[in-house]
Amino acid sequence: MSSFASISPDKLSRLIGTPQGPILIDVRTDEDFAADPRLIPGAIRRPALQAPQWSAEFGGRSVIVICQRGAKLSHGAAAWLRVAKAAAENLEGGFEAWKAAGLPLVPTARLPARDADGKTIWVTRARPKIDRIACPWLIRRFVDPQAVFLFVAPSEVMAVAERFQAAPFDVESTFWSHRGELCTFDVMIAEFGLAIPALQRLATIVRAADTARLDLSPEAPGLLAASLGLSRMYDDDLAQLEAGLGLYDAFYRWCRDATSESHNWPTNKVKP
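So, here's what we can say about the structure.

**Observations regarding the overall build of the chain**
Then step 1. Helices and strands together make up the secondary structure of the chain, namely 11 helices and 10 strands.
Then step 2. What you see for the chain is a C-alpha radius of gyration of 20 Å, in line with the 19 Å of a compact globule of 272 residues.
Then step 3. Within the chain, buried positions represent 47% of all 272 residues.
Then step 4. When contacts within the chain are restricted to residue pairs at least 6 apart in sequence, long-range pairs at least 24 apart make up 67% of them.
Then step 5. Computing the positive centroid from 31 side-chain charges and the negative centroid from 31, the chain places the two 5 Å apart.

Here's what the structure looks like:
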């Protein structure tokens with residue numbers, strides 16, 4: 001049983017990807033990180049011994065601290081976070097326990113360079129519909145919760161990417177784009193090491209809706225209709241993105257937890 005100040009890998013895996021999920025802070029030593037430069041989805045790096053300095057920025061937040069084996073570094077950093085009024089726990093068994101359980105890990109080599117505030121910057125075409133909302137949702141929930149998304153004129157995407165050190169996505173002839181029959185969302189799931197069943201199920205729906213192959217998934221027409229409806233509701237692409245995050249939160253939870261559920265309208269029985 002978990003103690004009051006720790007959380008099991010299995011329980012943490014159920015929180016990742018949800019909009020109210022905790023902040024994850026990886027405090028492994030540089031040597032341990034260099035030996036396996038991957039992160040638990042959504043985690044950020046901080047030096048454990050500098051916790052007295054950085055802990056205050058997380059005051060009032062729910063935080064999970066991760067070290068190599070769930071011992072002194074994560075316990076100490078979590079204690080400093082609690083001093084700063086954060087609700088902090090450490091991951092039982094640390095990074096090694098997560099990896100041993102076969103849970104997903106994001107290779108940092110696939111992450112764009114971060115800005116001075118530690119955020120990844122992405123750029124794509126304006127007026128998003130499906131892939132250009134689905135991909136930001138995936139990044140925000142599983143890769144970088146603080147990621148920034150720039151929506152610009154199609155002709156300016158590559159120039160903006162270069163000038164503002166942003167990663168272009170869902171743009172032809174770039175790394176983060178369609179590959180054969182796969183849409184950009186598929187590509188991101190594969191490259192970020194996120195091929196868990198719920199996300200693969202969601203990827204099929206997204207691919208079907210995004211590439212006009214609605215026969216691939218019975219849920220795809222619903223996603224397409226909702227996505228087109230959102231694009232008509234919002235002139236502001238960032239406002240549309242914020243609204244779209246909730247849509248994908250719902251689809252993800254259905255893919256993860258509710259695919260076997262159905263809703264049948266009760267029949268009215270006429271009494272004799």
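**Let's talk about the sheet that holds strand β10 (residues 167-168)**
Then step 1. The parallel open sheet is built from three strands, whose spatial order is β9-β8-β10. Each of the sheet's edge strands pairs with one partner strand only, and the pair in question is β9 (148-152) and β10.
Then step 2. In terms of strand pairing, strand β8 (residues 121-125) meets β9 through five bridges, oriented parallel. In the sheet register, Arg-125 faces β9, and the bridge partner there is Val-152.
Then step 3. Lying on the sheet, helix α6 (residues 131-142) is in contact with β8 and β9; it crosses β9 at an angle near 165 degrees.

**Thoughts on empty space enclosed by the protein**
Then step 1. Tallied over the entire structure, the rule returns one cavity of 30 Å³ or more.
Then step 2. Computed from the structure, the largest cavity encloses a volume of approximately 30 Å³.
Then step 3. Residue lining of the largest cavity: Lys-129, Ile-133, Ser-227, Leu-230, Gln-240, Gly-244, Leu-247 and Tyr-248, and that is the complete set.
Then step 4. Taken together, the elements giving at least two residues each to the lining of the largest cavity come down to α10 (220-233) and α11 (237-258).
Then step 5. Of the residues assigned to the lining of the largest cavity, the class counts are four nonpolar, three polar and one charged.

**Observations regarding the layout of surface pockets**
Rolled over the atoms, a probe with the dimensions of a water molecule shows which regions are left empty.
Then step 1. Empty space within the largest pocket amounts to approximately 670 Å³.
Then step 2. As for the largest pocket, its lining consists of 30 residues, and the residues nearest its centre are Ile-23, Gly-42, Ile-44, Pro-145 and Gln-146.
Then step 3. Those elements giving two or more residues to the lining of the largest pocket turn out to be β2 (23-26), β4 (44-45) and α6.
Then step 4. Residue composition of the lining of the largest pocket, by class: 13 nonpolar, seven polar and 10 charged.
Then step 5. Reported here for the second largest pocket is a volume of approximately 200 Å³.
Then step 6. Lining the second largest pocket we find 13 residues, and of these Ser-13, Leu-103, Pro-104, Ile-196 and Tyr-252 sit closest to its centre.
Then step 7. If you list the elements that add at least two residues to the lining of the second largest pocket, you get α1 (9-15), α9 (197-210) and α11.
Then step 8. Broken down by class, the residue content of the lining of the second largest pocket amounts to 10 nonpolar, one polar and two charged.

**A closer look at the pattern of salt bridges**
Then step 1. Scanning all chains against the criterion turns up 19 salt bridges.
Then step 2. Of the charged contacts, one joins Asp-30 and Arg-45 as a salt bridge, the two residues approaching to 3.2 Å between their closest N and O atoms. Of this pair, Asp-30 sits in helix α2 (residues 30-35) while Arg-45 sits in strand β4; the two residues are 15 residues apart in sequence, bridging distant segments of the chain.
Then step 3. For Asp-30, a relative accessible area of 57% corresponds to the exposed category.
Then step 4. As a salt-bridge pair, Asp-186 and Arg-207 come within 2.8 Å of each other at their nearest N and O atoms. Of this pair, Asp-186 sits in helix α8 (residues 184-191) while Arg-207 sits in helix α9, and the two are 21 residues apart along the sequence.
Then step 5. Overall, the relative accessible area of 8% leaves Asp-186 in the buried class.
Then step 6. For Arg-207, a relative accessible area of 16% gives the class buried.

Criteria and thresholds
- Residues numbered from 1 in each chain as written.
- Predicted model: local features only at pLDDT ≥ 70, side-chain atom pairs only at ≥ 80, totals over all residues.
- Heavy atoms only, no water.
- Helix = DSSP H or I, 4+ residues; strand = E, 2+ residues; numbered from the N terminus.
- Rg over C-alpha atoms; globule rule 2.2 N^0.38 Å.
- Buried < 20%, exposed > 50% of the residue type's maximum accessible area, 1.4 Å probe, protein only.
- Contact = heavy atoms within 4.5 Å.
- Lys, Arg positive; Asp, Glu negative; His and termini not counted.
- Charge placed at Lys NZ, Arg CZ, Asp CG, Glu CD.
- Pairing = 2+ DSSP bridges.
- Axes fitted to C-alpha atoms, helices over the stretch in contact; angles between N-to-C directions.
- 1 Å grid on protein atoms, 1.4 Å probe; cavity = no way out; pocket = protein on both sides within 12 Å on 5 of 7 lines; lining within 4 Å.
- Points joined across faces, edges and corners; volume = space filled by probe spheres on them.
- Nonpolar A, V, L, I, M, F, W, Y, C, P; charged D, E, K, R; others polar.
- Salt bridge = Lys/Arg side-chain N within 4 Å of Asp/Glu carboxyl O.

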